Amino acid sequence: MTVPDPTNAPARADTRMGTPTADPRALDWVMLAILGVIWGGAFMATKIATADFGAFAIAGLRLGVAAAASLLFLTLGGERLPGLATPQDRRFWAFAIAVGAISNAIPFTLLGWAQVHIDSALAGVIMATVPFFVLPLGHLFIAGEVMSWRKTAGFALGFCGILVLIGPGVLLDIGTGAHLALLAQLACLTVAVCYATGSIVSKRAPQHRGLLPFATAALGAAAVMTLPVALLAGDQFAPAPSWSSIAALLYLGLGPTAIATVMLLAVIRSAGPGFLALVNYQVPLWAVVFGVSFLGETPSPSLALALVLIVLGLAVAQGVLGLRRGGHARG
């Protein structure tokens, strides 16, 4: 990835980010397509859940379900979480807590709040900007990650897409709540920055335990951060939440956050993290498709133009044929 998905960090020896891998198989392409659908559908699910749950409840319950499922995967695989006996294990937990906060607790809460005020399609397209924030951060903090002219050109195109996406129109009538739409879009951009930052932190984390233990630890730490707040805040749960909202929360926890982790590991082992970066092109498209088809959303012309600029920027920055490195979007 490339840097890993923000809920997942460095792999063990055979799955580390720099290890050469074989050419993608047909199964790798199938799993890549499924991951695009799963992550693209997360924005629709979040929008549905906002009808009955507050932002902290959405984040906390999603992370609680994901942490439990990830721990089950870990146990079935014969692995376990480390203790705190050695300095290396304590460093493992320090990084896991940091990634849990930066890549899960904070962004999931912000996304839950933002999608009360903006469409799921718009949130999904904004999340496609994650790799653009990874570029300058990688340049500053990861050895060998240099902002070449190609990456700079891609970054510039993506930034133009962001400007088109937000645009001046949202500021025209503050009195009608347009300022909340602006704040929601800025919250989504903050989420993209969190994902990008979390991916850099993940890449610098200890690699002695592997991807799945680190992901489980990070998800568990994030759940501990958000669930108590959700339970203490009286306005986080509707008196009688609908089955659709409950199903949406279960999907968020099991699909994009837990099951996708296992698929992520399989794709990285087989085809490498650079191949996984191609999911960037799918996630925003599926977010728009689901928003229009199932939620009745109507994308604006500016959204379509922004999507073209962002995807074009990704193609330039990553190199379509070279399968270059870069973080990836998710919901």
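Rules used in this analysis
Residues numbered from 1 in each chain as written. Predicted model: local features only at pLDDT ≥ 70, side-chain atom pairs only at ≥ 80, totals over all residues. Heavy atoms only, no water. Helix = DSSP H or I, 4+ residues; strand = E, 2+ residues; numbered from the N terminus. Buried < 20%, exposed > 50% of the residue type's maximum accessible area, 1.4 Å probe, protein only. Areas by Shrake-Rupley, 256 points an atom, 1.4 Å probe, with all protein chains shown as cover. Patch = residues over 30% accessible without salt bridge, like charges linked within 9 Å, V, L, I, M, F, W, Y side chains within 5 Å. Salt bridge = Lys/Arg side-chain N within 4 Å of Asp/Glu carboxyl O. Phe/Tyr/Trp six-rings, centres within 6.5 Å; stacked < 30°, edge-to-face > 60°. Expected span 1.5 Å × (residues − 1). Bend = angle between axes of the 7 residues up to and from the residue. Axes fitted to C-alpha atoms, helices over the stretch in contact; angles between N-to-C directions. Parallel < 35°, antiparallel > 145°, perpendicular 65-115°, else oblique. Left-handed = near helix turned anticlockwise from the far one by under 90°. Contact = heavy atoms within 4.5 Å. Nonpolar A, V, L, I, M, F, W, Y, C, P; charged D, E, K, R; others polar. Core = buried A, V, L, I, M, F, W, Y, C linked by side-chain atoms within 4.5 Å. Polar contact = N/O pair within 3.5 Å; in protein donor to acceptor, adjacent residues only side chain to side chain.

Trainee: Help me out: how do you make sense of the overall build of the protein chain in this one?
Mentor: From N to C terminus, the protein chain includes 12 helices and 0 strands. Along the protein chain, from the amino end to the carboxyl end, the secondary structure elements read α-α-α-α-α-α-α-α-α-α-α-α. Put simply, the protein chain has 331 residues, and 55% of those count as buried. Total accessible area on the protein chain is roughly 13,300 Å²; 73% of this is exposed by carbon and sulfur atoms.

Trainee: Would you take a moment to explain a nonpolar patch on the surface for this structure?
Mentor: A surface patch of nonpolar side chains, amounting to about 250 Å² of accessible area, comprises Leu27, Val30 and Ile34. Assignment of secondary structure puts Ile34 in helix α1 (residues 26-49). Take Ile34: its relative accessible area is 38%, and that puts it in the partly exposed class.

Trainee: In this structure, what is going on with the packing of aromatic side chains? I would like to understand it.
Mentor: To describe a pair of aromatic rings, you give the distance between the ring centres and the angle between the ring planes. Overall, the coordinates contain 6 aromatic pairs when judged by the stated rule. Taken together, a centroid distance of 5.7 Å and an interplanar angle of 85° make the contact between Phe92 and Trp93 edge-to-face. A relative accessible area of 0% means that Phe92 is categorised as buried. Among the aromatic side chains, those forming a connected cluster through ring pairs are Phe92, Trp93 and Phe214.

Trainee: I keep staring at α1 and nothing clicks. Help me out?
Mentor: Each full turn of the α-helix corresponds to 3.6 residues, which orients residues three or four apart in the same direction. A rise of 1.5 Å per residue sets the reference length of α1, with its 24 residues, at 34 Å; its end C-alpha atoms lie 35 Å apart and thus fit the reference within 8%. Ala42 marks the point of greatest bend in α1, at about 25°.

Trainee: Help me understand the packing of helix α6 (residues 149-166) against helix α12 (residues 301-318) in this model?
Mentor: How two helices sit against one another is set out by the angle between their axes and by the gap between those axes. Between α6 and α12, the least distance of the axes is 7 Å, while the angle of their chain directions is 170°. Taken as axis vectors, α6 and α12 run roughly antiparallel relative to one another. Relative to α12, α6 is oriented so that their crossing is left-handed. On the side of α6, the interface is formed by Arg150, Lys151, Ala153, Gly154, Leu157, Gly158, Cys160, Gly161, Val164 and Leu165, while α12 contributes Ser302, Leu303, Leu305, Ala306, Leu309, Ile310, Leu312, Gly313, Val316, Ala317 and Gln318. For the contact of α6 with α12, the class distribution of residues is 13 nonpolar, 6 polar and 2 charged.

Trainee: Explanation requested: the environment of Gly154 in the structure shown.
Mentor: Following the sequence through the fold, Gly154 ends up in helix α6. Each C-alpha atom, one on Gly154 and one on Leu312, is 7.5 Å from the other, the two residues being 158 residues apart in sequence. Excluding its chain neighbours within four sequence positions, the residues that come into contact with Gly154 are Phe132, Gly313, Val316 and Ala317.

Trainee: Mind showing me how you'd approach the nonpolar core here?
Mentor: Here is a general trend for soluble globular proteins: nonpolar side chains tend to be buried in one another's company. By size, the foremost hydrophobic cluster in this structure holds 70 residues, and its most contacted members are Leu35, Met127 and Cys188. One finds Ala49, Ile58, Leu249 and Leu252 within the second-largest nonpolar core, a separate group that totals 10 residues.

Trainee: Explain the side chain of Arg62 to me, please; I cannot follow it from the model alone.
Mentor: Positionally, Arg62 belongs in helix α2 (residues 55-76). A distance of 2.9 Å separates the side chain of Arg62 from the side chain of Thr257, its partner in a polar contact. Once residues within four sequence positions are removed from consideration, Arg62 is found in contact with Thr46, Ala57, Phe108, Leu252, Gly253, Pro256, Thr257, Arg330 and Gly331.

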